[in-house]
Amino acid sequence: MMSRITRLILICTTLALPINALAAELDLNTLTQTLSTADHVEGRFVQKRYLHDMETTLTSHGTYQFDRGEQVIWTLTDPVQETLTLDDDGMQRNGTAIKDSPAGVARLIMQLLNGDFAALESRFDIALTGSDADWQARLTPNSDAMRRYLKRITLTGGDTLSHLEMALSDGDTLSIDLTQTRP
Amino acid sequence: MTPKTHTRLAWFWALTLLGCVVLAGWMITHGVRFDTRVTALLPDTHQSARVQQANAQLGSQFQDRFVLMVKSDDLPGSVKALAERLEQSPAVERLQWRPGDFDTGDPVALLGPARYRLLDEDLRKKIDAGDYQAIEQRALRQLFMPDGLDQHPIRDPYGLLDRWLAGTMALPFRTDSNLITLTHEGSRYAVLIGTLEGNPFSQSTQSTLHQAINSVTAAHPDMTLLRSGMIFHAYEGAQQARQEISTFGLGALIGLLLILWLVFRSPKTMATLMVPLLAGGLFALAATLLVFGRLHLLTIAFGTSLIGIAIDYAIHMQCARAALGQRFALRPMLPGLALGLFSSVLAFAAQALTPMPGLRQMAFFAATGLIGAWLTVVLWLPRVTLKTTPSAAAAADRLWSLFCAFKGRLTVAWALVGVVLALSIIGVRLHTNDSLQLLTTSSSPLLKDEQQVQSILGRDTGSRYLLLSAATPEQWQARAEMLEPLLKRLVKNGHLGGYELLTDHVPSSAHQDDNLERTRTLYDKTLASLYGQAGLPSSLIQKAQARLVNPPHLTLEAWLESPLGQSDRRLWLGHSDTEAGVAGVIPLKGALDDAGLAALERAARHAPYLSYEDRVARIATVLGELRRTIAGWVGGAFVVLAALLALRYRRRTWRVMAPAAGGVLITLAVLALAGTPVNLFHQLALLLVIGLGLDAGIFMAEHRARHAWLAITLSSASSLLAFGLLAFSATPVLHHIGLTSLIGLLSVWLLVPLVQPHTLDLPETPH
């Protein structure tokens, strides 16, 4: 079951961040290879949570940092302060460890940091389309437990990942626009 | 008895046995129950149905499932290989090793409606302390960046559901590489949980699983496994016992055949010695099944002591025939044989009067088996022609000179001195120990594995628990919550490792109502400010608050029926057919020291609805009670028997009783001197010693013939080979039986000549 939406976002972000170096042939192997050569990346994001039944959008801003294989730092700066960190020791919120979800939620992010695509593929059907300059990845959950909450994740980008969108089963969406500032 | 009557009776006996074959065969193929529970030996009043139900429910996790923790350089590869092999194995019904293998159902549907009544301890304390700021800040963050289930501004602005799940059901696992892993002392382990297809005590299930695991570990040498589960212990125990029984068994068989060959020189005669054993076993099996409808496996184990006695009749009969040849007649044999049977059956039948159902069955089995063997000896053996061999007579003569060397050396006075000496040694030094640990056969690596897995995973064998009953589920929950402070204190002060409380997952409705009040307070104090900060219209506040008007309770029933609550089902006994009200258990984990135990027992004394149960200790109690009961009744039977035999033997009675009584006393005195605590299995072997000793005393008194001494020697030798050799076994139960038989049977054999009158001289056996 996938309950920690944040984690999914982080996962997807890390998945997509190094895609700028993607080769012309777009497949998961190249993606895995690219992941393992990626380095330090950072930038800003705008995150919009659309609540379907309230017809309301909650917008927030922040920054991200990614050191491959080591750490992901996801910082909300406005309107509320929060830093989520993910590394080998697990996930922390503002420096305090978050217990893993009771229902057996994966720290999927670790799979990605380790370039473990086989594991990601076991939970999602992944479809890659487009070219390395303009690509799109659609991740569809393949288990009923996850489908109960999550319809699909879409990642789009060119040289870098530019947009991430999660469509939840209840009609809500979470979309994130990323702007890379370094390197 | 005319020859004609004898023929008729022999035929009748054959028909009876045929009937036994049909009956036993039919009952076994039509699902007769084989009982392995030691507690089934207890009188019904000793153990409530509740305790039995709790034991079965709590034990099944350990009995029917196994856990493997895998460590390897290539964890995904090794685990995959192992899992695939296990999934193919017919011994494994189900294997859970990937996150997807655990069905958690839909927590939102299950807990969502009641979430306003479910507050974890941290949140409760914060609200009670009026510490709203941290709660509000976290809620605000989650509105913008939800990190849990169903964190919605109206449905759950404070992420109550997520807090509840994280607070009450957090697990130590991680699910990287699509495995279930955890890190312990710097090592990363993958966890596999298997459910067995069959019984953990079934030999085929054991070996199939063993082979499956072994083939994978052989192919992946870098893989280390930690094993937990009854099946691994059962396998090791059975393996050792089987190996030893086959080693000793083969040795004993060869030795036995050799001795019998030396005396009888005829395969046919040797075969006739075995027929009564088979017939007796068959008769006992059919009769026990018919009377009791089921069979306890301990009964069969116990039945082995019968075998040694049953062969006695056949040996006496055939020795007499071989030695006397043409002069043999059945009639003079009958009083001795009948008294031998009578004395042994009396010793066993005494136990049939005890209040223990299991013991009754054992005694019945042994008594009917002896009767069956005896009838076979008397009705069939004389009809089989027997070649008179000079070797039998020669052996009888040679043994006789040995007899004469010992004859009469023990006078009444010295015998009394011996008895007093033995009794005082026994009185001062003999200890008993009924602990199950004495019987464990698991190797120390396996025990270490087991301990490690249990402590890492918080798994328990379900052997120690509190049994709590109440009139209604609601009352049960309230009582469980009343116990919680005590349990918490014991854990905090290090008296108890941990506990599993159902109300941690389903609080009582009173508790849930309190929580709802707290939630209302939280909403009243902070929701407006939260919405304001998030930029949400305040018109929505009412909508959110409307959800608190009358939300449903989370019921025990709904929880236990859900996939998420599945693992809690073992804690709930519910209603029972025999007792009013409901009951549930609170398993205790880890160490429980004396202070902790005393506190729990004190609590149980003050609350009639609460009891402390320790399955392992209870089994030890059962074994101890069984041991004491058998001792008492056999002792009583011995006295009665002495009185009855005195009617026939008068002043010679002590000579008849001495081998059996002396054998028992010497064995116990030796065990006492060696500092070996006596348990039930020593005592079961003593029954064999008594049976053979009585037979020996009676036959010697009845026949005063060299063939009687030959028969006593042969029968002692065969039982010594069959049981005495087991003294060298490493399997505790076999060792205890063997050691007792070894000392006891040797003593019996030596005592027979020692107590005969000095003047006794027997005619030479005619050649």
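Residues numbered from 1 in each chain as written. Chains lettered and ligands numbered in written order. Predicted model: local features only at pLDDT ≥ 70, side-chain atom pairs only at ≥ 80, totals over all residues. Heavy atoms only, no water.

Caption draft 1: Spatial organisation of the overall build of chain A. Broken down by element type, chain A carries five helices and eleven strands. The buried share of chain A, taken over its 183 residues, is 54%. When contacts within chain A are restricted to residue pairs at least 6 apart in sequence, those whose partners lie at least 24 apart make up 46%. Per element, the accessible surface of chain A, about 7,300 Å² overall, is 43% carbon and sulfur. (Helix = DSSP H or I, 4+ residues; strand = E, 2+ residues; numbered from the N terminus. Buried < 20%, exposed > 50% of the residue type's maximum accessible area, 1.4 Å probe, protein only. Contact = heavy atoms within 4.5 Å. Areas by Shrake-Rupley, 256 points an atom, 1.4 Å probe, with all protein chains shown as cover.)

Caption draft 2: Quick look at the overall build of chain B. Of the regular secondary structure elements, chain B holds 26 helices and twelve strands. Expressed as a percentage of its 767 residues, the buried residues of chain B come to 55%. Long-range contacts, defined as pairs at least 24 residues apart, comprise 82% of the intrachain contacts of chain B with a sequence gap of at least 6.

Caption draft 3: Structural view of the environment of D78 of chain A. With respect to the element layout, D78 of chain A can be found in strand β3 (residues 71-78). Counting along the chain gives 18 residues from D78 of chain A to S60 of chain A, while the straight-line C-alpha distance between them is 5.6 Å.

Caption draft 4: Examining helix α26 (residues 732-754) of chain B more closely. Compared with the 33 Å implied by 1.5 Å per residue over 23 residues, the 33 Å span of α26 of chain B between its first and last C-alpha is a close match. The element α26 of chain B is largely enclosed, with a buried count of 17 among its 23 residues. (Expected span 1.5 Å × (residues − 1).)

Caption draft 5: Spotlight on the packing of aromatic side chains. All names here are of chain B. Across all of its chains, the model carries ten aromatic pairs over all chains by this definition. Each ring, one from F292 and one from F364, has its centre 5.6 Å from the other, and the planes form 65 degrees; the classification is edge-to-face. Here F292 is found in helix α10 (residues 267-292), whereas its partner F364 is found in helix α13 (residues 357-379), with 72 residues between them in sequence. Residue F292 is classed as partly exposed on the basis of its relative accessible area of 29%. Residue class for F364 comes out partly exposed when judged on its relative accessible area of 26%. (Phe/Tyr/Trp six-rings, centres within 6.5 Å; stacked < 30°, edge-to-face > 60°.)

Caption draft 6: Spatial organisation of the packing of helix α12 (residues 330-352) of chain B against α13 of chain B. All names here are of chain B. Direction vectors running N to C along α12 and α13 enclose 170 degrees, while the axes themselves pass 8 Å from each other. It follows from the interaxial angle that α12 and α13 lie roughly antiparallel. Where α12 abuts α13, its residues L330, L334, L337, A338, L341, S344, V345, F348, Q351 and A352 lie against L359, R360, A363, A366, A367, L370, I371, W374 and V378. Each residue belonging to the contact of α12 with α13 can be placed in one class, and the counts come to 16 nonpolar, two polar and one charged. (Axes fitted to C-alpha atoms, helices over the stretch in contact; angles between N-to-C directions. Parallel < 35°, antiparallel > 145°, perpendicular 65-115°, else oblique. Nonpolar A, V, L, I, M, F, W, Y, C, P; charged D, E, K, R; others polar.)

Caption draft 7: The arrangement of empty space enclosed by the protein in detail. Residue and element names in this part refer to chain B. Tallied over the full model, the rule gives four cavities of 30 Å³ or more. Reported here for the largest cavity is a volume of approximately 100 Å³. Taken together, ten residues line the largest cavity, and the ones lying closest to its centre are R652, R655, M700, A701 and Q756. When residues of the lining of the largest cavity are traced back to their parent elements, those giving at least two are α23 (653-674) and α24 (680-703). The biggest single contributor to the lining of the largest cavity is α24, with three residues. Of the residues contributing to the lining of the largest cavity, the split by class is five nonpolar, two polar and three charged. (1 Å grid on protein atoms, 1.4 Å probe; cavity = no way out; pocket = protein on both sides within 12 Å on 5 of 7 lines; lining within 4 Å. Points joined across faces, edges and corners; volume = space filled by probe spheres on them.)

Caption draft 8: Just the pattern of salt bridges, in detail. Residues and elements named next belong to chain B. Overall, the coordinates contain 23 salt bridges over all chains when judged by the stated rule. Across the pair E517 and R520 runs a salt bridge, and its minimum N-O distance is 2.8 Å. Of this pair, E517 and R520 both sit in helix α18 (residues 509-534), three residues apart, which is roughly one turn of the helix. The class of R520 is partly exposed, set by a relative accessible area of 25%. A salt bridge links E702 to R648, with the nearest nitrogen and oxygen atoms 2.7 Å apart. Here the residue E702 occupies a position in helix α24, and R648 occupies one in helix α22 (residues 615-649), the gap between them amounting to 54 residues. (Salt bridge = Lys/Arg side-chain N within 4 Å of Asp/Glu carboxyl O.)

Caption draft 9: Representation of the environment of V733 of chain B. Among the secondary structure elements, V733 of chain B is positioned in helix α26. For the pair V733 of chain B and L680 of chain B, spaced 53 residues apart in sequence, the C-alpha separation works out to 9.2 Å.

Caption draft 10: Spotlight on helix α2 (residues 49-64) of chain B. Residues and elements named next belong to chain B. With 16 residues, α2 extends 21 Å between its outermost C-alpha atoms, agreeing within 8% with the 22 Å of an ideal straight helix rising 1.5 Å per residue. The axis of α2 is deflected most strongly, by about 30 degrees, at L58. Among the residues of α2, those classed as buried are R50, V51, A54, N55, L58, G59, Q61 and F62. (Bend = angle between axes of the 7 residues up to and from the residue.)

Caption draft 11: The packing of helix α6 (residues 132-144) of chain B against α18 of chain B, seen in detail. Residue and element names in this part refer to chain B. Closest axis-to-axis distance for the α6/α18 pair is 10 Å, and the angle between their directions is 45 degrees. Relative to α18, the element α6 lies oblique. Between α6 and α18 the crossing geometry is right-handed. Here α6 contributes Y132, I135, E136, Q137, A139, L140, L143 and F144 to the contact with α18, which in turn contributes T521, L522, K525, T526, S529, L530, Q533 and A534. (Left-handed = near helix turned anticlockwise from the far one by under 90°.)

Caption draft 12: A look at the confidence of the model for chain A. Residues and elements named next belong to chain A. A residue-level look at chain A finds 58% of positions with pLDDT of 70 or above and a mean pLDDT of 68. In this model residues 1-5 is a low-confidence stretch, pLDDT under 50, and it forms 31 contacts with partners more than four residues away in sequence or in other chains. Note on residues 101-116: pLDDT under 50 across the span, and 69 contacts to partners over four residues away in sequence or across chains. (pLDDT = per-residue confidence, 0-100.)

Caption draft 13: Representation of a nonpolar patch on the surface. Residue and element names in this part refer to chain B. Residues F342, V640, L644 and L647 make up a contiguous nonpolar surface patch of roughly 360 Å² in combined accessible area. Considering each element in turn, the nonpolar patch owes the most residues, three residues, to α22. Locating L644 in the fold gives a position in helix α22. (Patch = residues over 30% accessible without salt bridge, like charges linked within 9 Å, V, L, I, M, F, W, Y side chains within 5 Å.)

Caption draft 14: Inspection of the confidence of the model for chain B at higher detail. Taken over all residues, the pLDDT of chain B has a mean of 86, while the share at 70 or more is 94%. Taken element by element, chain B is modelled with least confidence in strand β1 (residues 33-35) of chain B, mean pLDDT 67, and with most confidence in helix α17 (residues 473-492) of chain B, mean pLDDT 95.

Caption draft 15: Fine view of unusual backbone geometry. Across the junction of D78 of chain A and P79 of chain A, the peptide omega takes the value 5 degrees, indicating a cis bond. Look at R650 of chain B: it is not a glycine, yet its phi comes out positive at around 55 degrees. One can find R650 of chain B in the loop between α22 and α23. Classification of R650 of chain B as exposed rests on a relative accessible area of 62%. Even without being a glycine, R704 of chain B presents a positive backbone phi close to 40 degrees. On the secondary structure map, R704 of chain B appears in the loop between α24 and α25 (706-722).

Caption draft 16: Inspection of the side chain of S391 of chain B at higher detail. Of note, S391 of chain B is situated in helix α14 (residues 390-406). Once residues lying within four places of it in the same chain are set aside, the contact partners of S391 of chain B are L262, V263 and R265 of chain B.

Caption draft 17: Quick look at the side chain of T368 of chain B. Residues and elements named next belong to chain B. Within the secondary structure, T368 sits in helix α13. Under the relative-accessibility criterion, T368 is labelled buried at 9%. T368 has contacts with F283, A284, A287 and T288, leaving out every residue within four places of it along the chain.

Caption draft 18: Region of interest: the environment of A658 of chain B. Residues and elements named next belong to chain B. Among the structural elements, A658 can be located in helix α23. In this structure A658 comes out as buried when scored by relative accessible area, which is 14%. For the pair formed by A658 and V752, sequence separation is 94 residues and the distance between their alpha carbons is 7.7 Å. In this view, A658 contacts G663, L751 and V755; residues no more than four positions away in its chain are not counted.

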